[in-house]
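Here is how the chains run, residue by residue.
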Amino acid sequence: MNYIKIDLERHLGQIHPHIFGGFAEHLGRCLYGGIYQPGSPLADERGFRRDVLAALHRLQMTIMRYPGGNFVSGYHWRDGVGPVADRPARLELAWRTVEPNHFGTNEFIQFCRQLNVDPFIVVNCGDGDMREARDWVEYCNGTQNTTLANLRRQHGFAEPHQVKYWGIGNEIDGSWQIGYKTPEEYARAYLEFAKVMKWVDPSIKLIASAVSSWRAEYVERIQLLIEQAPDLIDYLALHWYVGNPENDFAQYMAVSELLEQRLSAIEGLIQAVRLQRGITRPIAIAVDEWNVWYRMQGTTREELHDLEEKYNLEDALVVAMHFNAFIRHARSVKMANIAQIVNVLAPIFTSPDDLFLQSIFHPFELYSRNCGRIALDAYWSGDTFSSGDYTALRTLDVAATLDDRARKLSVFVVNRSATQAQETTLKLDGGQFTGTGCAWIVNGPDLKAENSFTDPNRVGTTEAIVTTRSTSANFTFEPHSVTALSFDL
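Presented here is an overview of the structure given in this document. (Residues numbered from 1 in each chain as written. Predicted model: local features only at pLDDT ≥ 70, side-chain atom pairs only at ≥ 80, totals over all residues. Heavy atoms only, no water.)

Topic: the overall build of the chain
Next up, step 1: Helix and strand counts for the chain come out as eleven helices and 25 strands.
Next up, step 2: Since a compact globule built from 489 residues should have a radius of gyration of about 23 Å, the 23 Å found for the chain is in line with a globular shape.
Next up, step 3: Expressed as lengths along the three principal axes of its C-alpha atoms, the size of the chain is roughly 65 × 60 × 45 Å.
Next up, step 4: Here the chain holds 489 residues, and the buried ones make up 60% of them.
Next up, step 5: Long-range contacts, defined here as pairs at least 24 residues apart, represent 76% of the contacts in the chain between residues at least 6 apart. (Helix = DSSP H or I, 4+ residues; strand = E, 2+ residues; numbered from the N terminus. Rg over C-alpha atoms; globule rule 2.2 N^0.38 Å. Buried < 20%, exposed > 50% of the residue type's maximum accessible area, 1.4 Å probe, protein only. Contact = heavy atoms within 4.5 Å.)

Some thoughts on helix α5 (residues 183–200)
Next up, step 1: For α5, spanning 18 residues, the distance from its first C-alpha to its last is 26 Å, which sits close to the expected 26 Å at 1.5 Å a residue.
Next up, step 2: Along α5, the residues that are buried comprise Pro183, Tyr186, Ala187, Ala189, Tyr190, Leu191, Glu192, Phe193, Ala194, Val196, Met197 and Lys198.
Next up, step 3: Packed against the buried residues of α5 are β7 (118–123), α3 (130–141), β8 (165–168), β9 (205–211) and α6 (218–228). (Expected span 1.5 Å × (residues − 1).)

A short note on the packing of aromatic side chains
Next up, step 1: The final tally for this structure, using the stated rule, is 32 aromatic pairs.
Next up, step 2: Considering the side-chain rings of Phe323 and Tyr367, the 5.3 Å spacing of their centres and the 25 degrees angle between planes classify their relative orientation as stacked. Of this pair, Phe323 sits in helix α10 (residues 313–328) while Tyr367 sits in helix α11 (residues 361–370), placing them 44 residues apart in sequence. Tyr367 carries the same exposure label as Phe323, and that label is buried. (Phe/Tyr/Trp six-rings, centres within 6.5 Å; stacked < 30°, edge-to-face > 60°.)

Here's the deal with the sheet that holds strand β2 (residues 11–14)
Next up, step 1: Taken in spatial order, the seven strands of this open sheet run β2-β15-β19-β20-β25-β22-β23, and their pairing is antiparallel. Each having just a single partner strand, β2 and β23 (460–466) make up the two edges of the open sheet. Ignoring which end each strand starts from, the neighbouring axes of this sheet average 20 degrees apart.
Next up, step 2: Note that strand β15 (residues 374–376) and strand β19 (residues 396–403) share three bridges and pair antiparallel. (Pairing = 2+ DSSP bridges. Axes fitted to C-alpha atoms, helices over the stretch in contact; angles between N-to-C directions.)

Looking at unusual backbone geometry
Next up, step 1: Geometrically, the link from Tyr66 to Pro67 is a cis peptide bond, its omega value of 0 degrees lying close to zero.
Next up, step 2: Tracing the backbone shows Pro67 in the loop between β4 (63–66) and β5 (90–92).

In structure tokens:
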């Protein structure tokens, strides 16, 4: 028998809504043929796919990262503004394609406005320079009578775009990146880019590219960044992708420990450098690229297949465990961006005239719709499993949140057993349930179940009622499932 105890007074931190972020890169069919398909009967007057917008609205995303990704390290923003017919086609080296530049800054801003999400732009710190970066900020946010602000007005946007979030470079620690930089080189470049960008608009928030290569010298890299630019870093960006190439379900479910280790390590490193240097301003974590990615690997375009990963039920469990980790680390993780949103490593998959929702769509929707403002320090015990170096891992992976204004408790549970339902008692301290609760369950017929155009609902969400007593409730979590429990208090 499993046991979950929720004490409403044990707060871990405020949950920032930006943990429900997305990412759109000029890669494969994410933009062209995904988000943006002018001339299609499914597109609106601006070229955005209405069905894609409707699906994205269901996810209630809060922030969108753009334009990359590896793409941005060779991207020059002026190529993507002005009349579409006049925009140059460029050889694009990150993904070895030709970029037509039909979708650019202003299309991205319009897309964000359609979704009611905050735009987050990453500048080119690969083969770009600080002048180009500060000019991009001025083009987007300038209010004075300057050439760049007037250029935006000439392009049809009289009011500033007010882009608040700006990343300086992408995966600068990766040898695969155009313009890879050593820790010393990037710390210096970041400082100089950040200075001029902030001088253009002091209100912006800046994200440093901290870790994507977890085998590299990331301790030194983070230390140098914080030491050289302590007043100019608002977020340190982490990237990771996980997968199940060994087809070992237990090992895949143990990926929760890797997430915990990485977040805890970076939290401690930030705190150590801040303490050593007497830095008082907070520095948050942005996991601004994360997802499952292991099937579509390779070095050539043909091998990569445009990164159109097809997701199954076990991948949905892992996506849910990511959100549990972000909630448990709410004090430090203030942004997270699933990579990506349409077709490319994405919860939504399109054809020219249709779409279906991949398995990972459903846990994202479950969490974004039910997550409260306060992360609670849930205690739980019960059945365990082991995998590799990890022993006695709890079969249930649990996170809990409180919406103190609406007086709602949400408990998120991943049952990592492939075969066993988990009978569980939930005990509440510091409040009482006011009536029955609701349960939303993401599941499918087996671990490898995936959705498709011909069978779009193999993995989906069902609902159930949870009977409560004054301060307790019992629920049985289905095998291989993600469940959100919601209670009025």
